[in-house]
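Chain residues, written in single-letter form:
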Amino acid sequence: MSRLEAKKPSVCKSEPLTNETVRATLSVLKGVLTSCYGPSGRLKQLHNGLGGYVCTTSQSSALLRNLSVTHPILKILTTSVQNHVSCFSDCGLFTAILCCNLIENVQKIGLTPTTVIKLNKHLLNLCTNYLKSEACGCRIPVDFSSSQILLCLVRSILTSKPACMLTRKEIDHISALILRAFLLTIPENTDDSIILGKSIIVPLKGQRVTDSTVLPGVLIEMSEVQLKRMLPIKKASALKVALFCVSLSGDFADTGEGTVVVSYGMSLENAALDQLLNLGRQLISDHVDLVLCQKVIHPSLKQFLSTHHIIAIDRVGVALMEPLSKVTGTQPIGSIGSVSSSSYGIVKELCSAKFGSKHFFHLIPNEATICSLLLSNRNDTAWDELKLTCQAALHILHLTIKEPWALLGGGCTETHLAAFIRYKARNEPESILTDDGCTQAELQLIAEAFCSALESLAGSLEHDGGEIVTDMKYGHLWSVQGDCPSVVNWPDLLSRCGCGLYSSQEELSWSFLRSTCHPFAPQTCLPHKTVSPTSNLIVDCLTAKLSGLQVAVETANLILDLSYVIEDKN
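Residues numbered from 1 in each chain as written. Predicted model: local features only at pLDDT ≥ 70, side-chain atom pairs only at ≥ 80, totals over all residues. Heavy atoms only, no water.

Draft legend 1. Quick look at the overall build of the protein chain. Of regular secondary structure, the protein chain possesses 16 helices and 20 strands. Across its three principal axes, the protein chain shows a C-alpha extent of roughly 90 × 75 × 45 Å. Across the 570 residues in the protein chain, those meeting the buried criterion constitute 51%. In the protein chain, of all internal contacts separated by at least 6 residues, the share reaching a separation of at least 24 is 75%. (Helix = DSSP H or I, 4+ residues; strand = E, 2+ residues; numbered from the N terminus. Buried < 20%, exposed > 50% of the residue type's maximum accessible area, 1.4 Å probe, protein only. Contact = heavy atoms within 4.5 Å.)

This is the structure in structure tokens:
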């Protein structure tokens, strides 16, 4: 019997944010996340000290999943960001860094948490209302009759992930493929509601990035010998398909729904095989052309079906069951007993496909919203990062259907929003404050901390020692080399703003980021022709960024409101 130890009492710590260790840990996490932010963000390698898989990434989804945190405050922050990313797939680093900035800035002010939380909520409402309004100067509509903004949105996501290791030409190629895959998931004939399809990402490792492609339908990988044995099928009409989610191996441990009747003195194996052959006879009488099984098909049943010119493919896996059901219109069959004729589906055509050294069985539907995106990259690490990025981009495009707006990227929305808040707090405080006991002086302090958090976030995009300036007309971000002379003609050093919308050749004046300057109202009207066929804007998904802003502020408020942390040490 093992020695019993007395239960240790829980440890209770008050005012956790006043602890220097906690502040230092939060600062370290912020430094790790900030160094990953943006197209020139630095990569991180995460691995277990005992060995095993090594993750090289700058994405928040992979970073936070592989990063081990122990302090409760850090767990609150990382869990909030992970929940946001699981719902919106983007703006994870934006959310985490902004949350850290808000906590850090507010701690320097010395106001009570109650006052800070009230004013943070007011400023959050001001931001969301402005970003959703027609007067917003950093919001642009997404026109689905043109591919320009959609391509800009996908290209911006790919560009911000340096671990994908893509060249400019490769980014353009993958962006076009992602957009095409997205369009293939939209049904042609729709009623009031739209049910979007799915894009299946198929690994095509060892090939060039430009060999990546997208095909309608589903690809099932198999050997060249199997393909030659199965194809071609000579049939002019559509092919009838049966899809089984139960094992057809004859194993009694997995018979699915229903019962198997065994006569006295008969072996279980023979009884199971007889039932499988009876199932095969029903499939033949129902004129089925293709049998697909998630698990294993007994070799005798395979041979029996083959002699009657029925193709049988097993081990397709659980991941392909839903796409196969949508492509063929089948109801997955969960019994080896009698099969209802309503469970069958059809497919337009079956053919073979070869990409590199891989061979595929290609199911081409009549009209379905399933497609296969074959992705290739230089190595496994870059492929893993590209797969995550493509999944995020496809999800963002789906979100854009619900809310067809985008925000200007490259840090311009953050600096524009900071200028807008600073002006409102200074000149129209009554439009922000309600009758909740907060003074205008307190509003000025919190507004400055809020704006500084946004500007610091925008400044995190610079990793090479450059300077960040903002123009005094639109409030956009501009980047300049760090070794610029003290007296300069800004238009000679600056080209375009961070999002690419404005040129330095306009009559603008600039100020260094976070420098003391008189609050100004940023111009809110966008150019009539925001996107031209040759434009290369950096844009973000409005839905994802609004959620990220809300999660950052609410998580910061939650952490600031913590009075005690109670830990069970047993």
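Draft legend 2. Summary view of the sheet that holds strand β19 (residues 539-541). Read from one edge to the other, the open sheet built from three strands follows the order β4-β15-β19, with strand pairing classed as antiparallel. Each of the sheet's edge strands pairs with one partner strand only, and the pair in question is β4 (139-141) and β19. Looking at each pair of strands side by side, their axes are set apart by 40° on average, direction ignored. Most of the contacts of helix α6 (residues 148-159) go to β19, to which it runs at about 90°, and overall it touches β4 and β19. (Pairing = 2+ DSSP bridges. Axes fitted to C-alpha atoms, helices over the stretch in contact; angles between N-to-C directions.)

Draft legend 3. Local environment of empty space enclosed by the protein. Applying the stated criterion across every chain, the model contains two cavities of 30 Å³ or more. Taken as a whole, the second largest cavity spans an internal volume of roughly 50 Å³. Looking at the second largest cavity, the residues that line it are Phe94, Leu131, Thr413, Glu414, Leu417, Leu454, Lys545 and Leu549. If you list the elements that add at least two residues to the lining of the second largest cavity, you get α13 (412-427) and α16 (542-560). Counting residues per element, the lining of the second largest cavity draws most heavily on α13, at three residues. (1 Å grid on protein atoms, 1.4 Å probe; cavity = no way out; pocket = protein on both sides within 12 Å on 5 of 7 lines; lining within 4 Å. Points joined across faces, edges and corners; volume = space filled by probe spheres on them.)

Draft legend 4. Representation of the packing of helix α1 (residues 20-34) against helix α4 (residues 92-107) within the structure. Contact geometry of α1 with α4 gives a least axis separation of 10 Å together with a crossing angle of 145°. The handedness of the crossing between α1 and α4 is left-handed. Contact residues: α1 offers Arg23, Leu26, Lys30, Leu33 and Thr34, while α4 offers Leu93, Ala96, Ile97, Cys100, Asn101, Ile103, Glu104 and Gln107. Looking at the contact of α1 with α4 residue by residue, the class counts come to seven nonpolar, three polar and three charged. (Left-handed = near helix turned anticlockwise from the far one by under 90°. Nonpolar A, V, L, I, M, F, W, Y, C, P; charged D, E, K, R; others polar.)

Draft legend 5. Looking closely at α16. For α16, spanning 19 residues, the distance from its first C-alpha to its last is 27 Å, which sits close to the expected 27 Å at 1.5 Å a residue. When you tally the buried positions in α16, you get 16 out of 19 residues, the bulk of the element. (Expected span 1.5 Å × (residues − 1).)

Draft legend 6. Seen up close, the layout of surface pockets. Volume-wise, the largest pocket comes out at about 1000 Å³. Lining of the largest pocket is provided by 48 residues; of these, Gly38, Pro39, Ser156, Ser160 and Leu461 occupy positions nearest its centre. Listing elements by their share of the lining of the largest pocket, those giving two or more residues are α2 (60-66), α3 (72-88), α4, α6, α12 (380-402), β17 (477-480) and β19. Among the elements that line the lining of the largest pocket, the one with the most residues is α6, at four residues. For the lining of the largest pocket, a count of residues per class yields 21 nonpolar, 19 polar and eight charged.

Draft legend 7. The nonpolar core, seen in detail. One finds Leu77, Leu98, Leu131, Ile174, Ile178 and Ile421 to be the most contacted residues of the largest nonpolar core, which totals 120 residues. Ranked by the residues each element gives to this core, the list is headed by α4, at ten residues. The residues contacting Leu131, other than those within four sequence positions of it, are Cys136, Cys138, Arg139, Leu407, Thr413, Leu417, Leu542, Leu546 and Leu549. Core analysis: the second largest hydrophobic core is formed by 32 residues, Val202, Leu204, Leu239 and Leu290 among them. (Core = buried A, V, L, I, M, F, W, Y, C linked by side-chain atoms within 4.5 Å.)

Draft legend 8. A look at the sheet that holds strand β13 (residues 358-364). A sheet is described by the order of its strands in space; here three strands give the open sequence β7-β13-β12, paired in antiparallel fashion. Because the sheet does not close on itself, it has two edges, and the strands there are β7 (218-222) and β12 (349-355). In this sheet, adjacent strand axes meet at a mean angle of 30° when their direction is disregarded. Note: β12 against β13, seven bridges, orientation antiparallel. Pairing of Glu349 across the sheet is with Ile364, part of β13. In this fold helix α11 (residues 321-328) packs onto β7 and β13, with an angle of close to 125° to the strand it touches most, β7.

Draft legend 9. Spotlight on the environment of Asp314. Take Asp314: it is sitting in the loop between β10 (311-313) and α11. A relative accessible area of 12% means that Asp314 is categorised as buried. Contact partners of Asp314, with chain neighbours within four places excluded, come to Cys293, Lys295, Val296, Ile297 and Lys302. Within the local environment of Asp314, its side chain forms a polar contact with the backbone nitrogen of Ile297, the two atoms lying 3.2 Å apart. (Polar contact = N/O pair within 3.5 Å; in protein donor to acceptor, adjacent residues only side chain to side chain.)

Draft legend 10. How the structure looks around the packing of aromatic side chains. The full count for this structure, using the stated rule, is four aromatic pairs. In this arrangement the basic side chain of Arg139 is found over the ring face of Trp405, its NZ or CZ atom lying 3.6 Å from the centre. (Phe/Tyr/Trp six-rings, centres within 6.5 Å; stacked < 30°, edge-to-face > 60°. Lys NZ or Arg CZ within 6 Å of the ring centre and 35° of its normal.)

Draft legend 11. Structural context of the side chain of Thr413. Counting through the fold element by element, Thr413 comes out in helix α13. Looking at Thr413, the relative accessible area reads 3%, which means it is buried. A distance of 2.4 Å separates a polar atom in the side chain of Thr413 from the backbone oxygen of Leu408.

Draft legend 12. Examining the state of the cysteines more closely. Evaluation of the coordinates by the stated rule reveals zero disulfides. Cys100 takes part in no disulfide bond, and the closest cysteine sulfur, belonging to Cys99, lies 5.8 Å away. No disulfide involves Cys138; its nearest neighbouring cysteine sulfur is the one of Cys136, lying 3.5 Å away. The exposure class of Cys138 is buried, given its relative accessible area of 0%. (Disulfide = S-S within 2.5 Å.)

Draft legend 13. Examining the pattern of salt bridges more closely. Scanning all chains against the criterion turns up 16 salt bridges. A salt bridge links Asp211 to Arg208; the shortest N-O distance between them is 3.1 Å. A salt bridge links Lys545 to Asp540, with the nearest nitrogen and oxygen atoms 2.7 Å apart. Relative accessible area serves as the criterion here: at 6%, Lys545 is assigned to the buried category. (Salt bridge = Lys/Arg side-chain N within 4 Å of Asp/Glu carboxyl O.)

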